[in-house]
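The lines below spell out each chain.
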Protein chains: 2
Amino acid sequence: MTRRDFINSTSASYASLLAWGMLQPAPATTLNLPANGRREDGKGRKVLVLGAGLAGMATAYELGKLGYDCTVLEARSRSGGRVWTIRGGTKETEIGESNGQTSSFEEGLYFNGGAARIPHHHQLTLHYCRELGVPLQMFNGNNEAGYLYNDGGTGDLANRRLRIKEYHNDMRGYTAELLAKALDQPGLDQQLTKEDIEKLVDFLKNEGDLNTAHLYKGTNRRGYKTKDHPGAGHKPGNMTDPFGLTDLLRSGFMQPVFYNVGDYIYEQQTTLLQPVGGMDAIPKALEKKLTGKIIFNATVSELRKTENGVRVVYQKDGKPVEVTGEFCVCTLPLPMLKNLESDLSGTVKRAADFVPYIKTGKIGLQFKRRFWEEDDWIYGGISRTNMDINQIWYPSYGFQGKKGVLIGYYNFYSRAEAVGAMSIAEREKMALAQGVKIHPQYPTEFENSFSLAWHRVPYSGGGWATYDDATRKKYYPSLIEADGNIYFAGEHTTYLTAWMAGAFTSAHRTVEAIHARVGEYTKK
Amino acid sequence: MTRRDFINSTSASYASLLAWGMLQPAPATTLNLPANGRREDGKGRKVLVLGAGLAGMATAYELGKLGYDCTVLEARSRSGGRVWTIRGGTKETEIGESNGQTSSFEEGLYFNGGAARIPHHHQLTLHYCRELGVPLQMFNGNNEAGYLYNDGGTGDLANRRLRIKEYHNDMRGYTAELLAKALDQPGLDQQLTKEDIEKLVDFLKNEGDLNTAHLYKGTNRRGYKTKDHPGAGHKPGNMTDPFGLTDLLRSGFMQPVFYNVGDYIYEQQTTLLQPVGGMDAIPKALEKKLTGKIIFNATVSELRKTENGVRVVYQKDGKPVEVTGEFCVCTLPLPMLKNLESDLSGTVKRAADFVPYIKTGKIGLQFKRRFWEEDDWIYGGISRTNMDINQIWYPSYGFQGKKGVLIGYYNFYSRAEAVGAMSIAEREKMALAQGVKIHPQYPTEFENSFSLAWHRVPYSGGGWATYDDATRKKYYPSLIEADGNIYFAGEHTTYLTAWMAGAFTSAHRTVEAIHARVGEYTKK
C-alpha cells in the first residue's frame, strides 16, 4: 500500500495516522506523570513556591491539581514577573532611581514591558491560554512596510529611512540575477542536471522578479511612487526605482540589527500571537486559579534546607515571617538568588553569580495620533536602526484608533545599559531625538512616555538568562537538578530562555520531578 | 545643509518635510474637487446609482455630502455585492441550481465569500473603515506554518504535506550556497569589488543559514522534530533534516499554485487587515449612511438616455417601475450589463461582452474542533495545493475557540468552473476528499458547509474583471468615460481590479467627474 493509497482511504485510524507522522503523538501539553504513580500521592504535601511569575504560578496550579498544598511567595504587589503590561496608572521605581514613574497612558492604551509575543509553535503557552480562557490576536512581527534606518553610515542609503520591502525585494532580485547568471556558465561545480537548472532558474525568476533576460530591473513588489499608485481611470501606477546593488551592500544593512528576524529566527516566524488587551491577561488568569495561595509583598530573604524539607523566611510589612514545607520550588531569577541567605549548594550559587542576564530596555511613547498608520501605512511590526533606540514597535492592536502607544526603543546589552543609566527624562529625550529621524511626526504628536530597564527593575534584575556553550555546560546542570528538596524553575532552567514557554515547560518538568519523587516515597 | 542636518533640526516645517519626501502630499483619501467648483453645485441634482456594492454606495455617500439627491437601485435584498460574509442563516440560490443553500454555521462563525483582505497600502479602503468606524484586525496572509501539497507528482516530496517554512528555508539555503560558491570563482562576470563580494557572501550566509564552509546543511528555521523540540532540562531540541535540492526542484513546487505570494504580490504582502466580525461590516456601515436612499429587490431592466439625463426601469414585486435622473452611475458588473436593455454605446456593450470575468469559488467548512490550531499550530494563513481545492484558508479570527470555519477551497478559472458545475453536495464531497490528504482530521471533525461559485451567483456573474494588455487597450477606455450622462464605476473601471480599493477609487473618480461637469454647467 503506498502512502497515497493509504491517505486516499479516509478510514485511517488514529493509530495509523500517528504511525505515518500525520498526527502529533501525545499533546506536548500533557503532564508526563509516572505510570506507577497515583494522583493522590501529592495530597496535602506542602510546597513553597518562590515567585508568582508564570513558572511559579503554573507550578502551583499544576501541583494544586494533584492535591499538593502550595504557598506562593511574591515580592511584588502584582503577579507575572517579567510578563508585565504597562497601562495608565502603572507605577515603578527602578533601582538607583529616586522619583519613580507613573504611567499617564490613556485608557485602553498599553505596551507589554516584558514578554510580548507568542510563537505559534509554543504549544504549552497556547495550551494555557486555551485552558485559562485568554483570548488571542495576532502580533505583527514581520511587517514589510516597516523602516530600516542606518544612522551615521556613508553612501546613498545611509541616514534615510527605507522600507524593509524595498531592501528585501532588491536583494532578492540582485541575488537571483547573479545566481541565474552563474548557472548559465559551466564554471559552477554542481551536481545539477540541465533540467534541474532550468527549474532552478525558473524559481529564481519568480523569486527575484527578473525580466525575460533574467535581469533585475526593479519590481512593483517594492512599492509604487507616492503620487502614482494604481487607481481608477488612467492610473496604472508607476513603480519605484530599485537601489543599486553596491549601494545596498555598502549601506550597512548586513549588520545584525537589521536582520530579517522573521526569516532568521524560528521563534519569530509568522504567526506570532498576543493576548487581547495585554500580555498580563495570562498571569492574571493564572492568579485567579490560585486565589488565597499567593502572598504578595513577601520578599524572600532566607532559604534553608531542613531535615524534612525546607524553611523559608520572607519579609512582610517590615517583619520576618518563617514558613516551612516539604519541597521548595524556587523560580527567582538568578540575579535575585545572589542576595539570598541560603543553604543552596555551591554550584547553584556559582550559577547565580555567573550566568549572565541580558540588559534590555523599552520605552512606551504615547502619541495623540497614529501617524504611523495614517501617514506611513504601518499596522504593527517593527522598524530597525543602528541607533540606540534599535527597534520601534508599532502596536498590533487598536488599529485606526485615535491615539496610540508605540515602543520607541527596544534595545539590548551595552545600548540598553547606556540608556538604562540615563534619567527617565533623558531616556524620553533620547527616544524622541532618535525616533524623529524615522518619523518626523514625533515632535508634533508626542504626549507622554514610560520607560524601563529590566536590569534595574527590582526583583527581576535582568531580561533573561543568556547562556553560551561554556556557561550552559558549566552552570546549567546544577539548575535542572533538585538541590536537596529545592527545585528550580523558570526560563533559565530551559532551552527556551526568554520565552514564556520556557517558564511553562520548566513548571511541567518540576511538577513531574516532584511527583515522581513522591511516588517513590509512597512505594517504600 | 545636508539632509541629515535638516532632519536633525527637529523644527522641520510641514512644507519642508513634504519637500524632502518624508510626508505624504495630500491624503489620497481626499476628493479632488475642482478649485473653481462650489460645493453647492450639486444641490438637489438627481443621480441614479445602479448597484449597492461598495462602488455604488460610496458614490452615493460622497455625492450626498455634496448635496446630490441619490437613489441606489439594488437587485438583491442585501447591500455589498461581492463583499459578502457567509454566516448561519445566509441563503443563496445559484444560477442553474434548484434547491438553494442555507448556511448552518454556528453563531459567531463565518467566512468572507468575496473580498477577504485589505492590503495596508489600500489607503482609501482604510480611510472608509476609519470614517465609518469599522474596527480592523490582522488577516494572516502569509503563514510559514501552512502546508504545501503536490498531488500526483513523483519523487519524495510529492503526495505528502510539507510546511511552507521547510520549502522556503531549504530553497533559500541552497540558492545562497550556490551563489556563495559562484562568487568564490572568477567566472562570474560582475562589477563587484572584493569587499562588496565579502559583504554579499555575509548576507548570503545569514539569508541561507549557511555553515562556516558556506554550505547549507539544514537549519532550525525549518523546525524541530516532533518529539524533540527545545524544552526544559536536557532538551536542546533536534532540528529536522533538510530536503535535497534536486528533490525540491523536481517536486513541482515551482508551479504558480505554490507561489510565495506574500513575497511575489504587492497587494498580498504583510500587513493585511480585515474588519472584526466579517467583511460585510464595511457595506453595512455604508448602508447606514444611506438610510432611505437604497431601494432593495430592485432589478434594473432598462437603462435609457434622455434629453436631460437618464431613465431607468427596474422590476419591483414583479412590476416595472420607472425613474429618471440627471445622471446615472452604473456599477453593475459587466456580465450584468449584457442582459440590460439599454442605450449604451456600442463600445460599452462590446466591453460588457468581451472583458472576461474570473470564474472563482469558495467553500466554508465548519469543523467541531479547530484541529489546524490544536494539532498543526496553524493560526490563520493559507495552505496551497495543485488539487482542485487549490487553497485552504484558516480563519484569522476566533483563535483557540471551540469550533471553526475554514475555507476548504478557493479556486480559479477552469478548476473553479469544474467545481462550480458540481452540485452543492458534490462540491462538499470533493472538498473533503481532497482536504483529507492535507488534514487527516477532516472526516472525524467535519460538520457542515456552504459553497459558492461567483460566476453562478446572480447579479455578480463572476469574480472580478481580468484584463490583459489587449482587452485593457481595446475595451477599458470606453468604461472610464461618461457615455452621455451615464458614468461607470466599480473595480472593473480601475487598475485595482478585484480589490475593494478599486471600487472606492472608482467612486471617487466618478464623483469628481460629475462634480466637475456640473461646475462647468453652472459657470455657463
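An unreviewed UniProt entry annotates chain A as Tryptophan 2-monooxygenase originating from Spirosoma endophyticum. Quoted straight from UniProt, the Sequence similarities (unreviewed entry) entry for chain A says "Belongs to the tryptophan 2-monooxygenase family." Under the UniProt heading Pathway (unreviewed entry), the note attached to chain A is "Plant hormone metabolism; auxin biosynthesis."

Enquirer: Could you give an account of the overall build of chain A, with specific residues and numbers?
Expert: When you go through chain A residue by residue, the secondary structure sums to 18 helices and 23 strands. The principal-axis extents of the C-alpha atoms in chain A amount to approximately 80 × 70 × 45 Å. Going through the 524 residues of chain A one by one, you find that 52% of them count as buried. In chain A, once contacts between residues fewer than 6 apart in sequence are set aside, the share between residues at least 24 apart is 69%.

Enquirer: How would you sum up the environment of His168 of chain A? Please name residues and give values.
Expert: Residue and element names in this part refer to chain A. Checked against the element boundaries, His168 lands in helix α5 (residues 164–183). What makes His168 partly exposed here is the crowd of 18 C-beta atoms within 10 Å. For the pair His168 and Gly346, spaced 178 residues apart in the sequence, the C-alpha separation amounts to 50 Å. Non-local contacts of His168, meaning those with residues more than four positions away in its chain, are made with Glu144 and Asn260.

Enquirer: Before we move on, can you summarise the pairing of strand β19 (residues 381–385) of chain B with the specific residues and values?
Expert: All names here are of chain B. Burial runs high along β19: 5 of the 5 residues are buried. One ladder, built from 4 bridges, connects β19 with strand β20 (residues 391–394); its direction is antiparallel. Residue pairing across strands places Ser383 opposite Ile392, the latter belonging to β20. Where β19 folds back on β20, the antiparallel hairpin that results is connected by 5 residues, among which Asn390 adopts a positive phi of roughly 65 degrees.

Enquirer: Tell me what's going on with unusual backbone geometry, and back it up with residues and numbers.
Expert: Residue and element names in this part refer to chain A. Cis geometry marks the peptide bond from Thr270 to Thr271; its omega dihedral reads 15 degrees. As for its placement among the helices and strands, Thr271 is situated in the loop between α8 (261–264) and β11 (272–275). The backbone of Asn159 shows a phi angle near 60 degrees, a positive value even though the residue is not glycine. When you line up the elements, Asn159 lands in the loop between β9 (147–149) and β10 (161–163).

Enquirer: Before we move on, could you go through helix α3 (residues 54–65) of chain B and cite the residues and values that matter?
Expert: Residues and elements named next belong to chain B. Over its 12 residues, α3 extends 16 Å from the first C-alpha to the last, a length consistent with the 16 Å expected when each residue adds 1.5 Å. Burial of α3 is extensive: 10 of the 12 residues sit out of reach of the surface. Those residues of α3 lying buried are Leu54, Ala55, Gly56, Met57, Ala58, Thr59, Ala60, Tyr61, Glu62 and Leu63.

Enquirer: Describe the interface of chain B and chain A, naming the residues involved and giving the relevant values.
Expert: The interface is formed by 83 residues belonging to chain B together with 83 residues belonging to chain A. Mapped by element, the contributors of at least two residues to the side of chain B that touches chain A are α1 (3–8), α4 (123–132), β8 (136–139), α5 (164–183), α6 (194–208), α7 (245–249), α14 (424–438) and α18 (500–523) of chain B. With 7 residues, α5 of chain B is the single largest residue contributor to the side of chain B that touches chain A. In terms of residue class, the side of chain B that touches chain A is built from 36 nonpolar, 31 polar and 16 charged.

Enquirer: Before we move on, can you summarise the packing of α5 of chain A against helix α6 (residues 194–208) of chain A with the specific residues and values?
Expert: Residue and element names in this part refer to chain A. Running from N to C, α5 and α6 point in directions that differ by 160 degrees, and their axes come no closer than 8 Å. When the axis of α5 is compared with that of α6, the two are roughly antiparallel. Handedness of the crossing formed by α5 with α6: left-handed. Taken together, the residues of α6 that come into contact with α5 (itself represented by Arg172, Gly173, Ala176, Glu177, Leu179, Ala180 and Leu183) are Ile197, Leu200, Val201, Leu204, Glu207 and Gly208. Partitioned by chemical class, the residues of the contact of α5 with α6 number 8 nonpolar, 2 polar and 3 charged.

Enquirer: Could you give an account of the domain arrangement of chain A, with specific residues and numbers?
Expert: Residues and elements named next belong to chain A. By the assigned domains, chain A splits into domain 1 (42–80 + 293–356 + 465–523), domain 2 (85–145 + 270–279 + 358–456) and domain 3 (163–254). Computed from C-alpha atoms alone, the centre-to-centre distance between domain 1 and domain 2 is 30 Å. Broken down by element, the side of domain 1 that touches domain 2 gets its largest block of residues, 4 residues, from helix α18 (residues 500–523). A class-by-class count of the residues in the side of domain 1 that touches domain 2 yields 5 nonpolar, 2 polar and no charged.

Enquirer: I'd love a proper account of the packing of helix α3 (residues 54–65) of chain A against helix α9 (residues 281–289) of chain A, names of residues and values included.
Expert: All names here are of chain A. Between α3 and α9, whose axes approach to 10 Å, the crossing angle comes to 35 degrees. Considering only the axes of α3 and α9, their crossing is left-handed. Where α3 approaches α9, its residues Leu54, Met57, Ala58 and Tyr61 are matched on the opposing element by Ile282, Pro283, Leu286, Glu287 and Lys289. Here the contact of α3 with α9 is composed, by residue class, of 7 nonpolar, no polar and 2 charged.

Enquirer: Can you explain the sheet that holds strand β1 (residues 46–50) of chain A? Please cite residues and give values.
Expert: Residue and element names in this part refer to chain A. Spatially, the 5 strands line up as an open sheet ordered β12-β2-β1-β16-β23, and their pairing is parallel. This sheet does not close on itself; its edge strands, each paired only once, are β12 (294–295) and β23 (486–488). Relative to β12, strand β2 (residues 69–73) is paired through 2 bridges, and the arrangement is parallel. Residue pairing for β12: Leu73 is matched across the bridge by Ile295.

Enquirer: Summarise the nonpolar core; cite the residues concerned and give the values.
Expert: Membership of the largest hydrophobic core comes to 274 residues, with the highest contact counts inside it found for Ala58, Leu179 and Cys328 of chain A together with Ala58, Leu179 and Cys328 of chain B. Excluding residues that lie within four positions of it along the chain, Leu179 of chain B makes contacts with Thr175, Leu178, Leu179 and Ala182 of chain A together with Leu204 of chain B.

Enquirer: Hey, could you go over the relation of the copies chain B and chain A for me, with residue numbers and the actual values?
Expert: Structural alignment of chain B on chain A gives an RMSD of 0.0 Å, achieved by rotating through 180 degrees and translating 0.0 Å along the axis. Those values place the two copies in the arrangement expected of a two-fold rotation axis. Among all residues of chain B, the minimum C-alpha distance to the rotation axis is found for Leu179 of chain B, at 2.6 Å. Counting the interface residues of chain B, we find that 100% of their copies in chain A are interface residues as well, pointing to one common contact surface.

Enquirer: Could you give an account of the environment of Met500 of chain A, naming the residues involved and the relevant values?
Expert: Mapped onto the elements, Met500 of chain A comes out in helix α18. Linking Met500 of chain A and Asp156 of chain A, residues 344 residues apart in sequence, is a C-alpha distance of 41 Å.

Enquirer: An account of α3 of chain A is requested, with residue identities and associated values reported.
Expert: Where α3 of chain A is buried, its residues contact β1, β2, α4 (123–132), α9, β16 (327–330) and α18 of chain A. Downstream of α3 of chain A by a residue or two, Gly67 of chain A has a phi angle that is positive, lying close to 95 degrees.

Enquirer: So what about the pairing of strand β18 (residues 360–367) of chain A? Which residues, and what values?
Expert: Residue and element names in this part refer to chain A. Counting buried residues in β18 gives 8 out of 8 residues, a clear majority hidden from the surface. The alternating pattern of β18 places Thr360, Lys362, Gly364 and Gln366 and Gly361, Ile363, Leu365 and Phe367 on opposite faces, both of which are buried. As defined by bridge partners, β18 adjoins strand β21 (residues 404–412) across 8 bridges and the pair is classed as antiparallel. In the strand pairing of β21, Gly361 is matched with Asn411. Where β18 meets strand β22 (residues 446–453), 7 bridges bridge the pair, whose relative direction is antiparallel. The partner of Leu365 across the bridge, within β22, is Ser449.

Enquirer: Help me get a handle on the sheet that holds strand β7 (residues 118–119) of chain B, residues and values and all.
Expert: Residue and element names in this part refer to chain B. The sheet built from 3 strands is open, its strands ordered β7-β11-β8 with antiparallel pairing. Of all strands in the sheet, those bounded by a partner on one side alone are β7 and β8. The pairing of β7 with strand β11 (residues 272–275) spans 2 bridges and is antiparallel. Bridge pairing links Ile118 to Leu273 in β11.

Enquirer: Pulling in residues and values, what's your account of the confidence of the model for chain A?
Expert: For chain A, mean pLDDT is 92; residues scoring 70 or higher make up 93% of the total. Listed scores for the predicted complex are pTM 0.94 and ipTM 0.93.

Enquirer: Lay out the environment of Ile294 of chain B in plain terms, naming residues and giving numbers.
Expert: Residue and element names in this part refer to chain B. Assignment of secondary structure puts Ile294 in strand β12 (residues 294–295). The spacing of Ile294 and Leu432 is 138 residues in sequence and 40 Å in space, taken between C-alpha atoms. Excluding residues that lie within four positions of it along the chain, Ile294 makes contacts with Ala52, Val72, Glu74, Ser79 and Glu287.

Definitions and limits used
- Residues numbered from 1 in each chain as written.
- Chains lettered and ligands numbered in written order.
- Predicted model: local features only at pLDDT ≥ 70, side-chain atom pairs only at ≥ 80, totals over all residues.
- UniProt positions renumbered as here; feature names shortened; annotations may be inferred.
- Helix = DSSP H or I, 4+ residues; strand = E, 2+ residues; numbered from the N terminus.
- Buried ≥ 20, exposed ≤ 12 C-beta atoms within 10 Å, placed from the backbone.
- Contact = placed C-beta atoms within 7 Å.
- Pairing = 2+ DSSP bridges.
- Expected span 1.5 Å × (residues − 1).
- Nonpolar A, V, L, I, M, F, W, Y, C, P; charged D, E, K, R; others polar.
- Axes fitted to C-alpha atoms, helices over the stretch in contact; angles between N-to-C directions.
- Parallel < 35°, antiparallel > 145°, perpendicular 65-115°, else oblique.
- Left-handed = near helix turned anticlockwise from the far one by under 90°.
- Domains from an automatic or database assignment.
- Core = buried A, V, L, I, M, F, W, Y, C linked by C-beta atoms within 7 Å.
- Least-squares fit on C-alpha atoms with pLDDT ≥ 70 in both.
- pLDDT = per-residue confidence, 0-100.

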